[in-house]
Amino acid sequence: SQGALAAFSTMTVALFISMGIPVAPAIMLAVAIGAGVGIVNGLIVSVAKVHSFVVTLGMTTILRGFAVALNGGYPIPIDMGSDFINFGNGNVAGLSNTIIICIIAFIVCWFILKKTNVGRNVYAIGGNQEAAKFSGISVVKTSVFAFGICSALTALAGVILASRMFSGLPSAAVGLETQAVTAVIIGGTSFTGGDGNIAGTVIGVILLGVLLNAMVLFGLADWLQDVIQGAIIIIAVIYDKLRRKGA
């Protein structure tokens with residue numbers, strides 16, 4: 001549900017800014033709400049035992065509905081003179097704020113996955129949830145943490161998007177979930193879980209970005225770009241299954 005959550009976050013942060021809430025608290029509130037969505041997803045998945053795909057698919061529709069409801073389906077404009085605009089468009093020493101935020105996010109996630117017990121638990125549950133449970137790992141806490149972090153970062157992406165669009169837009173980020181899945185699978189993350197790393201995801205994001213830009217430069221139709229992205233996902237999943245089977 002990354003696309004819908006990002007769109008919802010553009011609306012929430014734009015609404016907070018229009019209400020006169022200072023920039024930093026507005027951003028933190030929008031990210032906190034996003035994290036709350038992830039926590040709800042994690043609880044439903046781990047406690048109610050509903051498949052994560054079904055839960056997030058349903059949440060996609062819910063969040064799109066809320067994004068539309070916040071302003072009757074209309075965008076929420078953000079004043080061009082607002083300091084918030086600099087959040088996604090400014091730079092520090094010539095380096096874009098967006099790039100800086102991405103680097104920090106990747107470093108934090110790398111540290112969590114490689115240097116903490118929580119990160120090791122994430123890999124363990126992804127590899128074999130039942131074995132992880134019997135070894136004393138809390139499936140509920142770890143799942144809620146993973147979903148919460150994912151949604152918080154997605155909400156942060158929505159905040160950046162709102163800053164770059166100068167508005168909250170309920171129809172924003174359509175198809176973002178497909179791009180997210182494509183990037184991490186290209187980066188070597190197993191579709192079945194338990195395998196993958198942040199460095200691979202960085203490479204996957206860069207490769208996907210280059211591919212998408214190349215398709216635009218070559219003038220490929222939108223429908224053909226979607227077909228190619230879908231084909232990449234299928235091919236990557238097939239390759240992953242063959243690789244794991246061989247291993």
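See above for the structure.
Criteria and cut-off values
Residues numbered from 1 in each chain as written. Predicted model: local features only at pLDDT ≥ 70, side-chain atom pairs only at ≥ 80, totals over all residues. Heavy atoms only, no water. Helix = DSSP H or I, 4+ residues; strand = E, 2+ residues; numbered from the N terminus. Buried < 20%, exposed > 50% of the residue type's maximum accessible area, 1.4 Å probe, protein only. Axes fitted to C-alpha atoms, helices over the stretch in contact; angles between N-to-C directions. Parallel < 35°, antiparallel > 145°, perpendicular 65-115°, else oblique. Contact = heavy atoms within 4.5 Å. Nonpolar A, V, L, I, M, F, W, Y, C, P; charged D, E, K, R; others polar.

Draft legend 1. Molecular detail of unusual backbone geometry. The phi torsion at Lys49 lies on the positive side, around 60°, for a residue other than glycine. Checked against the element boundaries, Lys49 lands in the loop between helix H2 (23-46) and helix H3 (52-69). Judged by relative accessible area, which is 56%, Lys49 ranks as exposed. The backbone of Ala93 shows a phi angle near 55°, a positive value even though the residue is not glycine. If you trace the backbone, Ala93 turns up in the loop between strand S2 (91-92) and strand S3 (95-96). Residue Ala93 is classed as exposed on the basis of its relative accessible area of 83%.

Draft legend 2. Representation of the packing of helix H1 (residues 2-18) against helix H9 (residues 176-186) in the model. Running from N to C, H1 and H9 cross one another at 125°; their axes reach a closest spacing of 6 Å. As summarised for this structure, H1 and H9 are arranged oblique, according to the angle between their axes. When H1 is examined against H9, the residues Gln2, Gly3, Ala4 and Ala6 are found in contact with a partner set consisting of Leu176, Glu177 and Ala180. Broken down by class, the residue content of the contact of H1 with H9 amounts to four nonpolar, two polar and one charged.

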